[in-house]
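Coordinate analysis (summary)
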Amino acid sequence: MVTLYNQDLKNFNTFRISALIEKVIVIQNDEDFKKIDFSGIINKTSVLLGEGSNILFVRIPKEIILIRTKGIFKSYENENEIHFTVKAGEIWDEFVEFLVSNKFCGLENMSGIPGTVGAAVINNIGAYGEEVSKYIYKVRAFSILQNKQIDFFNSEIKFEYRNSIFKNNTEYIITEVIFKLVKGINCINVSYGNIKDYFNTKPINSFNMRHAIIEERRQKLPNYKNLGNAGSFFKNPIISKEQYQNICSEYPDLPCFIINETSYKVPAAWLIEKCGLKNYRYKNTGTYSHPLIIVNFNNATGEEILEFSEFIREKVYNRFNVLLEPEVIIY
Ligand code: EPU
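Below: a short report on this structure. The structure displayed is predicted, hence computed values, not measured ones.

A short note on the overall build of the protein
In terms of helices and strands, the protein carries eight helices and 21 strands. Since a compact globule built from 331 residues should have a radius of gyration of about 20 Å, the 20 Å found for the protein is in line with a globular shape. Along the first, second and third principal axes, the C-alpha atoms of the protein reach 60 × 50 × 35 Å. Classification of the 331 residues of the protein by burial places 51% in the buried group. Expressed as a percentage of contacts within the protein between residues at least 6 apart in sequence, the contacts between residues at least 24 apart total 60%. For the protein, the accessible surface area stands at approximately 15600 Å², while carbon and sulfur atoms represent 48% of it. Once the 39 positive and 38 negative side-chain charges of the protein are each reduced to a mean point, those two points are 2 Å apart.

Here's what the structure looks like:
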């Protein structure tokens, strides 16, 4: 465990919100969990962070606790399948790169997503037709209240679209994730959008999929190193069939993804764009050319970004009667 004092929060969140943080505790191994006083997590003066890539700081915490535990171990193998136990502080995209280069399939569509392995579970990250929950066998978490590690099997984690029991909870800290993956390079999902177009001249395999996804992301999404952001700010709303039909009667081009007979998922980016809020500037913040991404143009504060997100929600609600829900965690 390492403790740092008087640090700039800007270095620990991808929205690049700046503020002085009195104390930063860095967890480096499993023994550290038993040594740290986590009472600040319970009373919400302290915040746990991986890479800080899915959080908006509106208030400023007294203390932050960084999970930086490292390690990737093979924990099971049969003819077709392999399990890896991965420490929560591993960088997500480095783990994906490791799998692709060692010819294990499953996570390649989720290449290039910022953040840590532990945080990927909390938010059930997903991209290009895949969600991480499909590849998780088990999660080990440290219970602050019980002062011990507890195992959760996949079905106990209650994964949903960008949600799990670990989101907005103050008891558990994910310490390890056990992934189940397929051996080989050919079990590829090209069902999403125009991803297939990348393979007109190349074989469909996990190496080429990783390159295609990284290129697609580079073209459409801002790099937080140049322009602070936390990926999609809102979830894509799930609306009823009636509501979908109502909107379609005025806007027949509304795209949708049918979840079941009564529920349809529609793109928040489309709703925001139709409100004239693509590439929109609001004080020091605004939307990117992909309007689901709110960016920090110039030392924006968390309050300013929250205020802008409320402005977007109101515009979308007034026009479509659909209430957007934030996807990022608001502190
Ligand atoms: N669209 C517009 N205008 C735009 C961009 C998109 O109208 O400028 C509409 C189009 O109809 C397009 C649709 O939105 O077909 C979907 O756009 P896109 O494929 O970019 O995906 P998304 O729904 O906006 C989701 C995830 C992303 C993930 C992409 C690709 C959520 C909240 N976001 O975005 O995840 O990368 O799909 O799979 O589900 C993240 O969670 O931070 C994130 C970036």
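Quick look at the environment of Phe12
Among the structural elements, Phe12 can be located in the loop between strand E1 (2-8) and strand E2 (20-27). C-alpha of Phe12 to C-alpha of Leu49: the two residues are 37 residues apart in sequence and 7.9 Å apart in space. Those residues in contact with Phe12, other than ones at most four positions away along the chain, are Gln7, Val24, Leu49, Glu51, Gly52, Ile64 and Leu66.

A word on the nonpolar core
Counting residues in hydrophobic clusters, the biggest one holds 53 residues, and the most contacted among them are Phe38, Trp92, Phe95, Leu107, Met110, Phe179 and Leu181. When residues of this core are assigned to domains, at least three fall in each of domain 1 (2-67) and domain 2 (73-219). Non-local contacts of Leu107, meaning those with residues more than four positions away in its chain, are made with Trp92, Phe95, Val96, Leu99, Tyr135, Phe179 and Leu181.

Looking at the sheet that holds strand E15 (residues 238-240)
If you walk across this open sheet you meet the three strands as E15-E17-E16, and the pairing is antiparallel. Strands at the two margins of the open sheet, each flanked by one partner only, are E15 and strand E16 (257-258). Here helix H6 (residues 241-250) sits on the sheet and contacts E15 and strand E17 (263-265); the angle it forms with E15, its principal contact strand, is near 90°.

Side note on the site of the ligand
Taken together, 23 residues surround the ligand, and among them Tyr128, Tyr192, Glu273, Lys278 and His290 come closest. In the environment of the ligand, an oxygen atom lies 2.6 Å from a nitrogen or oxygen atom belonging to the backbone of Tyr128. Measuring from an oxygen atom of the ligand, one finds a side-chain N or O atom of Glu327 at 3.4 Å. In the complex, the protein chains occlude 77% of the 820 Å² of accessible area that the ligand would expose alone. Among the elements of the structure, strand E9 (126-127), strand E14 (228-232) and helix H7 (268-274) are those that each provide at least two residues to the shell around the ligand. Considering each element in turn, the shell around the ligand owes the most residues, three residues, to H7. Tallied by class, the residues present in the shell around the ligand amount to eleven nonpolar, six polar and six charged. Summarising the domain contributions, the shell around the ligand has at least three residues from each of domain 2 (73-219) and domain 3 (222-237 + 268-330).

Digging into the pattern of salt bridges
One pass over the structure, following the stated rule, counts 20 salt bridges. Among the salt bridges present, the one from Lys74 reaches Glu77, with a minimum N-O distance of 2.7 Å. Taking the shortest distance from any N to any O, the salt bridge between Glu77 and Lys183 comes out at 2.7 Å. Here Glu77 is found in strand E6 (residues 72-77), whereas its partner Lys183 is found in strand E13 (residues 172-183), with 106 residues between them in sequence. Since its relative accessible area comes to 38%, Glu77 is described here as partly exposed. The class for Lys183 is partly exposed, based on a relative accessible area of 28%. The network of salt bridges with common partners includes Asp30, Lys87 and Glu176.

The rules we used
Residues numbered from 1 in each chain as written. Predicted model: local features only at pLDDT ≥ 70, side-chain atom pairs only at ≥ 80, totals over all residues. Heavy atoms only, no water. Helix = DSSP H or I, 4+ residues; strand = E, 2+ residues; numbered from the N terminus. Rg over C-alpha atoms; globule rule 2.2 N^0.38 Å. Buried < 20%, exposed > 50% of the residue type's maximum accessible area, 1.4 Å probe, protein only. Contact = heavy atoms within 4.5 Å. Areas by Shrake-Rupley, 256 points an atom, 1.4 Å probe, with all protein chains shown as cover. Lys, Arg positive; Asp, Glu negative; His and termini not counted. Charge placed at Lys NZ, Arg CZ, Asp CG, Glu CD. Core = buried A, V, L, I, M, F, W, Y, C linked by side-chain atoms within 4.5 Å. Domains from an automatic or database assignment. Pairing = 2+ DSSP bridges. Axes fitted to C-alpha atoms, helices over the stretch in contact; angles between N-to-C directions. Near = heavy atom within 4 Å. Polar contact = N/O pair within 3.5 Å; in protein donor to acceptor, adjacent residues only side chain to side chain. Nonpolar A, V, L, I, M, F, W, Y, C, P; charged D, E, K, R; others polar. Salt bridge = Lys/Arg side-chain N within 4 Å of Asp/Glu carboxyl O.

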